[in-house]
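What follows is each chain in one-letter form.
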Amino acid sequence: MSQVLYLGHPSSLEHDPGPHPERPARITAIERELDREGWPGLDREDSSAASRAQLEAVHRAAHVDSIERLSAQGGGTIDADTATSAGSYRAALHAAGGAVELAARLLSGEHERGISAHRPPGHHAEAGAAMGFCLFNNVAVAARDALDRGAAERVLILDWDIHHGNGTNDIFHDSDQVLYVSIHGWPLYPGSGPFEDRGAGPGEGYTINLPVAHGTGDDVYASLVEHVVVPVAREYRPDLILVSAGFDAHRADPLAAGAVTEMGFVAMTRSLHRLAAELGVGLGLVLEGGYDLGALAASVAVVLRELVKPPPDSGWEVARHPAASAVRGRLAERWSALARS
Ligand SMILES: [Zn+2]
């Protein structure tokens, strides 16, 4: 069995937005939990920083400049939710670089599964702006780099953070090279991501937004992944599966009203693990949100435990929730796999 790659970097602790839920202790909590377990099956490595060219393949140069300059000045506030300190630029370079490196190592076959566990998170960051605790869009920079290098032709990004990843949604809105699927609370920050937003131009149909009500729990999340995301992915045939892995849909999270437990994250991971094994492609998680330290650390730990195991066999099943059946009906015209059975 291959080892699971864990990429992190000490700079993640140097991004200090002040009193804020997106705080350095998030990473400390995760790594302390893994310390306690002894990092079983995990190859722990430090990430490299993203290059300027890798960032500018997604972000406007002026945006990268502004984050660099702000950090050089000791940091400052960007918007009501987003602030930086002197260490933020370096932390953000490694957060993006860790995602890039994860994708590259999975595509080269060096590892089959892994996680990039850095902060700040990324999925709200737009091409030209920081937003919602995010400076650079880590998962987007990783997917773009893999595509531009020709290492992948198609990338699936599943975003299970409870907030809609508006940045990722918009960056790949007109591309069929990235299938972006988001399961997110509704109504909730940032307010984007209605079901009707399905991409545009050549990207029409390659954005799938699945808003869910407050209080949505394991059964719906697991069923949407197993009975919507998995069949669609089989039809799309990605070369790489990335997850914008936020853990703020957890029932203990203070920022939102999700009802997911550790077992829900395990179920989603199992479905993706089996899918990745079936397709013979890599599966990489890129950390996004998750603000209850205990829930975050426990969830990351159980998810990694799943990734270390062999993929589940066909005996493991997920009940089809009516919410997943309804989504299948609405998407069946575009994705024929959903029209079957
Ligand atoms: Zn979030």
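Residues numbered from 1 in each chain as written. Predicted model: local features only at pLDDT ≥ 70, side-chain atom pairs only at ≥ 80, totals over all residues. Heavy atoms only, no water.

**Student:** Just to check I follow, could you spell out the pattern of salt bridges for this structure?
**Tutor:** Tallying each qualifying case throughout the model produces 20 salt bridges. For Arg105, the salt bridge identified is with Glu110, shortest N-O distance 3.0 Å. According to the relative accessible area criterion, Arg105 is buried, its value standing at 11%. Taken together, the shared-partner salt bridges in this structure form one network comprising Glu45, Glu101, Arg105 and Glu110. (Salt bridge = Lys/Arg side-chain N within 4 Å of Asp/Glu carboxyl O. Buried < 20%, exposed > 50% of the residue type's maximum accessible area, 1.4 Å probe, protein only.)

**Student:** What am I meant to see in the environment of Phe172 here?
**Tutor:** Along the polypeptide, Phe172 turns up in the loop between helix H6 (166–171) and strand S7 (178–185). For the pair Phe172 and Asp81, spaced 91 residues apart in the sequence, the C-alpha separation amounts to 24 Å. Residues within four places of Phe172 in sequence aside, it is in contact with Ala140, Ala143, Arg144, Ile157 and Val178. (Helix = DSSP H or I, 4+ residues; strand = E, 2+ residues; numbered from the N terminus. Contact = heavy atoms within 4.5 Å.)

**Student:** Hey, could you run me through helix H5 (residues 138–148) in this one?
**Tutor:** It helps to recall that an α-helix has 3.6 residues per turn; residues three or four apart then point in one direction. Most of H5 is tucked away, with 10 of its 11 residues classed as buried. Residues of H5 that are buried: Asn138, Val139, Ala140, Val141, Ala142, Ala143, Arg144, Asp145, Ala146 and Leu147. The positive-phi residue at the C-terminal boundary of H5 is Gly150, with phi of around 75 degrees.

**Student:** Please clarify how the packing of helix H7 (residues 218–236) against helix H8 (residues 262–279) should be interpreted in this entry.
**Tutor:** When two helices pack together, you describe them by how their axes are tilted relative to each other and by the distance separating the axes. Contact pair H7 / H8: the axes reach a minimum separation of 8 Å and the direction vectors enclose 15 degrees. Relative to H8, the element H7 is oriented roughly parallel. Crossing geometry of H7 relative to H8 is assigned as right-handed. Seen from H7, the contacting residues are Asp218, Tyr221, Ala222, Val225, Glu226, Val230, Ala233 and Arg234; seen from H8, they are Met263, Gly264, Ala267, Met268, Ser271, Leu272, Arg274, Leu275, Glu278 and Leu279. (Axes fitted to C-alpha atoms, helices over the stretch in contact; angles between N-to-C directions. Parallel < 35°, antiparallel > 145°, perpendicular 65-115°, else oblique. Left-handed = near helix turned anticlockwise from the far one by under 90°.)

**Student:** What's the story with the coordination of the zinc ion in this structure? I'm lost.
**Tutor:** Reference values for coordination geometry: four tetrahedral donors around a metal ideally subtend 109.5 degrees, six octahedral donors ideally subtend 90 or 180 degrees. Donor atoms from the polypeptide that coordinate the zinc ion comprise Asp161 (OD), Asp161 (OD), His163 (ND1) and Asp248 (OD), at 2.0 to 2.7 Å from the metal. Each of the four donor atoms bound to the zinc ion contributes to angles spanning 53 to 155 degrees, and the resulting shape is irregular. Sequence positions of the residues that donate to the zinc ion give the spacing D-x1-H-x84-D. A residue pair is termed long-range when its members are at least 10 positions apart, and His163 in the loop between strand S6 (155–159) and H6 and Asp248 in the loop between strand S9 (240–245) and H8 qualify at 85 residues. Among the residues examined, His163 registers a relative accessible area of 8% and is labelled buried. (Donors = N, O, S within 2.8 Å, 3.2 Å for Na, K, Ca; no water. Tetrahedral: all angles 85-135°; square planar, octahedral: opposite > 155°, others 65-115°.)

**Student:** What am I meant to see in helix H9 (residues 293–308) here?
**Tutor:** Given a rise of 1.5 Å per residue, 16 residues ought to cover 22 Å, and the 23 Å separating the end C-alpha atoms of H9 matches this to within 8%. Taken across its 16 residues, H9 has 12 buried, putting it largely inside the fold. Along its buried surface, H9 packs onto strand S1 (4–8), helix H1 (25–37), strand S2 (42–46), strand S5 (113–116), H8 and strand S10 (282–287). (Expected span 1.5 Å × (residues − 1).)

**Student:** Would you mind going over the side chain of Ser223 with me for this structure?
**Tutor:** Relative to the helices and strands, Ser223 is located in helix H7. Residue contacts for Ser223: discarding those within four places in its chain leaves Val228, Val318, Ala319, Arg320, His321 and Ala324.

**Student:** Help me understand the pairing of S2, please; the structure alone is not making it clear to me.
**Tutor:** Consecutive side chains of a regular strand alternate in pointing toward one face of the sheet and then the other. Looking at chain direction, S1 and S2 are connected through five bridges and run parallel. Note on S2: the bridge partner recorded for Leu7 is Glu45. Crossover S1 to S2 through H1 is right-handed. (Pairing = 2+ DSSP bridges. Right-handed = clockwise from strand over helix to strand, strands pointing away.)

**Student:** Sorry if this is basic, but what is going on with the packing of aromatic side chains here?
**Tutor:** Note on aromatic pairs: each is described by the distance of the centres and the angle between the planes. Evaluated as defined, the whole model comprises nine aromatic pairs. Judged by centre distance (5.7 Å) and plane angle (90 degrees), the ring pair of Phe133 and Tyr291 falls under edge-to-face. A residue pair is termed long-range when its members are at least 10 positions apart, and Phe133 in the loop between S5 and H5 and Tyr291 in the loop between S10 and H9 qualify at 158 residues. Comparing Phe133 with Tyr291, the two get one shared label, buried. For the ring pair Tyr206 and Tyr236, a centre distance of 5.8 Å and an interplane angle of 55 degrees mean the geometry is tilted. Of the two residues, Tyr206 sits in the loop between S7 and strand S8 (207–212) while Tyr236 sits in helix H7, which places them 30 residues apart along the sequence. (Phe/Tyr/Trp six-rings, centres within 6.5 Å; stacked < 30°, edge-to-face > 60°.)

**Student:** Got a minute to help me understand the pairing of S6 in this structure?
**Tutor:** Of all five residues in S6, five are buried; the element is thus mostly enclosed. Side-chain alternation along S6 places Val155, Ile157 and Asp159 on one buried face and Leu156 and Leu158 on a second face that is also buried. Note that S6 and S7 share five bridges and pair parallel. Paired with Leu158 across the bridge in S7 is Val181. At this point the chain moves from S6, through H6, to the parallel S7, and the crossover so formed is right-handed. The pairing of S6 with S9 spans five bridges and is parallel. Residue pairing in the sheet places Leu158 in a bridge with Val243 of S9.

**Student:** Would you mind going over the sheet that holds S7 with me for this structure?
**Tutor:** Within a sheet, neighbouring strands are paired by backbone hydrogen bonds and run either parallel or antiparallel to one another. The strand order S2-S1-S5-S10-S9-S6-S7-S8 describes an open sheet built from eight strands, whose pairing is parallel. Unpaired on one side and paired on the other, S2 and S8 mark the two borders of the sheet. Neighbour to neighbour, the strand axes of the sheet diverge by 15 degrees on average, direction disregarded. Packing of helix H4 (residues 88–107) onto the sheet brings it into contact with S1, S2, S5, S9 and S10, and relative to S5 it is tilted by some 170 degrees.

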